[in-house]
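# Architecture at a glance
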Amino acid sequence: MEPALAILVGILVAVAVWLMLSRNFVRLLLGFAMLGNGVNLSIFVAGRLSREAPPLVVEGEVVLGAAAANALPQALVLTAIVIGFGLLSFALVLAWKAHERLGTVRTDEMRVAEPERTP
Amino acid sequence: MLTVVLTPFAAALAAPFLVARLGERAVFLFALVPAGLFLWALANLGEAFPGRIEATPWVPGLSASLSFALDGLSALFTLLITGIGTLVVLYAGGYLHGHPQLGRFFAILFAFMGAMLGVVLSDNILALFVFWELTSLTSYLLVGFESGKAAARRAALQALLITGTGGLCLLAGLILLAEAGGSWELSDIALAQSWLQDSPLYTPALILILLGCFTKSAQFPFHSWLPGAMAAPTPVSAYLHSATMVKAGVYLLARLEPALGGSELWLYSLGIIGAITMLLGAVFALLETDLKLVLAWTTVSALGTLVFLLAPSQEPSVTAAMAFLLVHALYKGALFMVAGNIDHEAGTRDLTKLSGLMRAMPVTFAAAALASVSMAGLPAGLGWVAKEMIGTAKVADNIGLTLTAATVANAMLFAVAAIAGISPYFGAKSDAAAKAHEAPWTMLAGPVVLGGLGLIFGMVPQLAADRLIAPAASAVLGTKATLEITLFKAFDWKFMLTLATFAAGAMLFIAWRRYGAAWRERADPILARGPDRGYDHVLAGLAALAGWQTRIIQSGRLHRYVAASFVVIAVMVIASAFRGRFALAGLTDTGRVIEWAVIALTAAAAIVTAAATTRLLAVTALGMVGLGVAMLFMLFSAPDLAITQFMVETLVVVILALILIRLPGFRLSADGDGPRWLNLGIAGVMGTLVSLLLLGVLAEPFDMRLAEWFAAQSVPEGLGRNVVNVILVDFRALDTLGEITVVAAAAMGALAVMMRAARKPDGGRGPDGGRAPDGGEGKGR
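All values reported here derive from a predicted model rather than from experimental measurement. (Residues numbered from 1 in each chain as written. Chains lettered and ligands numbered in written order. Predicted model: local features only at pLDDT ≥ 70, side-chain atom pairs only at ≥ 80, totals over all residues.)

In this section: the overall build of chain A. Along the backbone of chain A there are three helices and zero strands. Relative to its 119 residues, chain A shows a buried fraction of 56%. Excluding contacts between residues fewer than 6 apart, the proportion of contacts in chain A whose partners are at least 24 apart in sequence is 54%. (Helix = DSSP H or I, 4+ residues; strand = E, 2+ residues; numbered from the N terminus. Buried ≥ 20, exposed ≤ 12 C-beta atoms within 10 Å, placed from the backbone. Contact = placed C-beta atoms within 7 Å.)

This part covers the interface of chain B and chain A. Each partner contributes residues to the interface: chain B has 91 residues there, and chain A has 79 residues. Breaking the side of chain B that touches chain A down by element, the ones donating at least two residues are α24 (558-577), α25 (593-611), α26 (615-635), α27 (639-662), α28 (676-699), α29 (705-718), α30 (723-731) and α31 (733-759) of chain B. In terms of residue count, the dominant contributor to the side of chain B that touches chain A is α28(B) (14 residues). In terms of residue class, the side of chain B that touches chain A is made up of 59 nonpolar, 21 polar and 11 charged. (Nonpolar A, V, L, I, M, F, W, Y, C, P; charged D, E, K, R; others polar.)

Our focus in this paragraph is the pairing of strand β1 (residues 52-59) of chain B. Residues and elements named next belong to chain B. Of the strand pairs in this sheet, β1 and strand β2 (residues 64-70) are connected by seven bridges, and their pairing is antiparallel. Across the sheet, residue valine 59 finds its bridge partner in β2, namely alanine 64. Linking two consecutive strands that pair antiparallel, namely β1 and β2, is a turn of four residues; a positive phi of about 45° is found at serine 63 within it. (Pairing = 2+ DSSP bridges.)

Our focus in this paragraph is unusual backbone geometry. Glycine aside, residues mostly have negative phi angles, and peptide bonds mostly take the trans form. With omega at 0°, the peptide bond leading from B:Phe220 into B:Pro221 counts as cis. With respect to the secondary-structure elements, B:Pro221 resides in the loop between α9 (202-216) and α10 (225-228). Of note in the backbone geometry, A:Arg48 takes a positive phi value of approximately 70° without being a glycine. Topologically, A:Arg48 is positioned in the loop between α2 (25-46) and α3 (71-102). Although it is not a glycine, B:Ala218 sits at a positive phi angle of roughly 55°. Assignment of secondary structure puts B:Ala218 in the loop between α9 and α10.

Moving on, we come to the nonpolar core. Membership of the largest hydrophobic core comes to 210 residues, with the highest contact counts inside it found for B:Leu326, B:Ala415 and B:Ile469. Broken down by element, this core gets its largest block of residues, 20 residues, from helix α15 (residues 315-346) of chain B. For this core, the domains that each give at least three residues are domain 1 (1-260) and domain 2 (264-516) of chain B. Dropping the residues within four chain positions of it, B:Ala415 is found in contact with B:Leu286, B:Gly505, B:Leu508, B:Phe509 and B:Trp512. The next biggest cluster of nonpolar side chains, apart from the first, holds 84 residues, and it includes A:Leu21, A:Phe85, B:Ala621 and B:Leu641. (Core = buried A, V, L, I, M, F, W, Y, C linked by C-beta atoms within 7 Å. Domains from an automatic or database assignment.)

Our focus in this paragraph is α2(A). Residues and elements named next belong to chain A. Taking 1.5 Å of rise per residue, the 22 residues of α2 would be expected to cover 32 Å, and the 31 Å separating its terminal C-alpha atoms lies within 8% of that figure. Most of α2 is tucked away: 17 of the 22 residues are buried. In the segment just after α2, arginine 48 is the residue with positive phi, at about 70°. (Expected span 1.5 Å × (residues − 1).)

One can find A:Gln74 in helix α3. Taking the C-beta count within 10 Å as the criterion, A:Gln74 has 27 such neighbours and is therefore assigned buried. Note: C-alpha distance between A:Gln74 and A:Ile43 (31 residues apart in sequence) is 8.5 Å. Sequence-distant contacts of A:Gln74, that is, excluding residues within four places in its chain, are made with A:Pro55, A:Ala69, B:Ala638, B:Asp640, B:Leu641 and B:Val724.

On to the packing of helix α3 (residues 72-95) of chain B against α15(B), then. Residues and elements named next belong to chain B. Interhelical geometry of α3 versus α15 gives an angle of 5° and a closest axis separation of 12 Å. By the angle between their axes, α3 is roughly parallel relative to α15. For the pair α3 and α15, the contacting residues are Leu76, Leu80, Ile84, Tyr91 and Tyr95 in the first and Met322, Leu326, Ala329, Gly333, Met337, Gly340 and His344 in the second. In the contact of α3 with α15, the residues fall into nine nonpolar, three polar and no charged. (Axes fitted to C-alpha atoms, helices over the stretch in contact; angles between N-to-C directions. Parallel < 35°, antiparallel > 145°, perpendicular 65-115°, else oblique.)

Across its 24 residues, α28(B) extends 34 Å between first and last C-alpha, which sits within 8% of the 34 Å expected from 1.5 Å per residue. Those residues of α28(B) not exposed but buried are B:Asn679, B:Ile682, B:Ala683, B:Met686, B:Gly687, B:Val690, B:Ser691, B:Leu694, B:Leu695 and B:Leu698. Of the surrounding secondary structure, the elements contacted by the buried residues of α28(B) are α1 (2-20) and α2 of chain A together with α24 of chain B.

As structure tokens, this is what we get:
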């Protein structure tokens with residue numbers, strides 16, 4: 001099933017990029033969340049898939065069974081999910097605050113850091 | 001030899017403290033440093049052929065070692081750097097008497113001395129380049145030493161930009177050279193001529209190296225910085241801009257002559273550029289009235305002569321080049337110090353205002369006369385010997401044009417020698433001469449010693465020939481050169497030519513006295529359009545280009561930055577990934593219905609998110625995508641991931657909903673996100689690329705070693721049965737700690753932002769209704 005998931009990852013990334021190219025800050029953040037999902041899934045898929053064999057060592061054994069899933073990408077993705085969540089939450093709060101200050105969610109109207117007439 | 005190179009740097013560090021503590025007496029202590037190094041070089045002269053190499057590892061991974069080589073060429077340069085260095089340090093003590101920043105001056109001067117020694121002693125190309133750039137940098141600091149003057153700052157910047165640009169070319173050229181020659185050591189590359197010159201890298205390497213050398217040694221059309229560098233204090237002009245640093249380019253050409261010389265490209269580029277520079281410098285020298293500028297232009301001319309002499313790669317011309325190098329360093333160092341004396345004691349350097357100085361400054365005059373005799377190439381000076389050798393070299397080349405060029409330049413330099421060295425002392429006493437008096441001994445030692453050396457070597461030329469010139473020429477030629485010098489050969493046509501040159505020079509001098517002012521008037525509008533003006537145009541153009549590209553690239557619009565990032569990523573992936581064989585993985589199993597259903601659902605939800613125009617729909621669809629991914633984790637044996645993803649996705653939806661509720665109505669549609677087709681294109685390309693890459697990765701065999709290691713070690717080493725958890729909290733515990741820190745920081749940041757939002761209420765949400773002034777910060781309470 002890996003190739004089918006690879007196509008799904010492509011779709012997620014394409015949608016994410018499309019959303020991130022928007023001038024609407026909220027759409028950009030939606031795209032950002034979507035990109036995280038796509039990237040996590042791609043790491044997971046690249047580590048190869050297995051069905052109904054979670055990486056748990058059976059009671060009494062010392063070594064993981066040969067058919068069990070690859071644990072390393074799972075550990076990496078777990079970290080990535082949590083960090084992505086932290087980043088997204090912070091960005092969302094910033095967006096809210098920015099809207100409050102500037103009264104807009106459009107990035108091309110947010111010109112405080114780089115005003116229109118820079119020398 | 002590492003110690004030798006590092007000694008001046010140590011002196012540079014100590015100089016400010018010594019000046020602060022000892023005052024100007026510290027100068028005598030300073031002079032001991034180069035004097036000691038000079039003695040070291042003298043003591044090691046015997047080993048100069050075939051040479052000696054010492055290496056200290058530096059960055060072995062980059063094949064950079066601090067290897068130093070002492071042979072005839074580097075010995076000659078070391079003697080010049082340390083010998084003239086000693087005199088210049090003494091001289092500077094007198095010249096800068098009472099200057100408040102004496103410590104800074106000597107610190108930079110010693111740093112330059114160390115860098116210059118590094119250039120001429122380095123055997124490793126990278127070390128040589130580092131020292132080379134250090135000389136440019138210290139030269140910049142010394143030219144701009146009088147940093148209060150705008151002219152000095154401009155001249156310093158110009159020198160730095162021109163030599164710095166050349167330095168970049170040189171770096172590229174040297175890397176190509178090392179690639180083609182198969183070694184980073186100059187001593188190895190010198191032996192690699194046969195296959196080096198057949199290499200396709202030869203031509204680009206040579207052109208780039210020549211650019212580096214020509215900018216450093218002020219060859220046409222990069223010469224404009226050298227006259228400008230006369231803004232530096234005179235000891236600096238004498239040291240850096242006549243005797244040592246400007247010869248670094250000549251040094252490197254001579255050093256690389258065995259490896260790169262002998263080709264037509266070498267012969268013609270050095271020959272033509274050198275000849276142009278030689279003539280141009282001589283002509284401009286006749287058109288100046290500032291004594292230092294006259295000397296600067298003759299330095300340009302002399303550097304042209306040296307490059308010109310290195311062109312044919314034959315023994316007579318190389319020997320002549322080495323002889324002229326020595327002669328020029330001696331007389332030009334002396335003449336610059338003399339110019340400084342006149343400036344210092346008579347208050348002006350303007351030749352039209354200087355005459356009759358002999359009575360007031362007899363010792364200075366004597367030194368100037370000695371140096372001028374050498375410069376003019378009159379008998380009894382070392383210049384005579386060099387001139388004879390140059391004459392021989394020219395005949396050996398047997399090219400009428402070069403002979404003419406060199407003879408014309410010689411005649412002009414003869415005239416300039418009379419102008420700069422003799423004429424200020426004779427004639428009626430000018431106003432300046434009336435109040436002039438002799439310089440202190442520290443400022444006389446330099447010119448007298450250098451001028452005297454020219455005389456001594458002129459009397460016993462065989463001494464200089466055997467100990468200095470022949471070993472240096474041997475190092476350049478790669479075979480042992482011997483040199484028989486006879487002061488007077490035969491009364492042949494060459495001798496007649498020399499006499500004719502003197503006569504022409506003398507006539508030119510007389511003509512200059514009568515018509516010089518008219519020449520200058522005529523030449524001024526032409527000079528105004530020279531490379532110096534070109535430099536200004538280039539600089540202005542560069543600033544305009546920078547402004548333009550900043551406006552284009554840094555538009556200040558986020559969506560353009562995002563688009564640019566994705567386009568760059570796409571281009572780089574396409575350029576690097578799809579080369580040669582690229583296989584794609586195919587479906588190997590049919591899969592279960594539920595798997596296909598979840599995949600389809602997730603894809604559909606993603607597309608709905610993209611198309612959604614209301615916030616509620618968008619957030620719901622995004623949540624669906626997240627849940628779909630969680631289900632995929634579940635289906636493919638990753639329960640830990642699934643649990644985390646469920647939790648996180650729920651939280652994301654909750655937070656999104658909370659925040660979107662607080663934002664007043666706006667539509668989520670893609671209105672105004674033009675150009676829409678471009679965005680669609682970028683998104684499509686990115687998605688396709690990721691899919692293709694992933695399919696490519698899946699087609700490769702999978703390396704299970706890491707997975708197996710964790711599977712085997714989890715229980716015995718980590719004492720845990722859930723391998724994912726063991727990896728997170730045990731094998732990669734630091735990663736997890738970092739992750740927790742990031743999440744905590746994000747939470748604290750978000751909290752801080754929210755609390756400020758609460759304190760600065762908007763729309764009646766906060767406890768009080770006050771609003772901070774426009775653009776102001778919310779006041780903490």
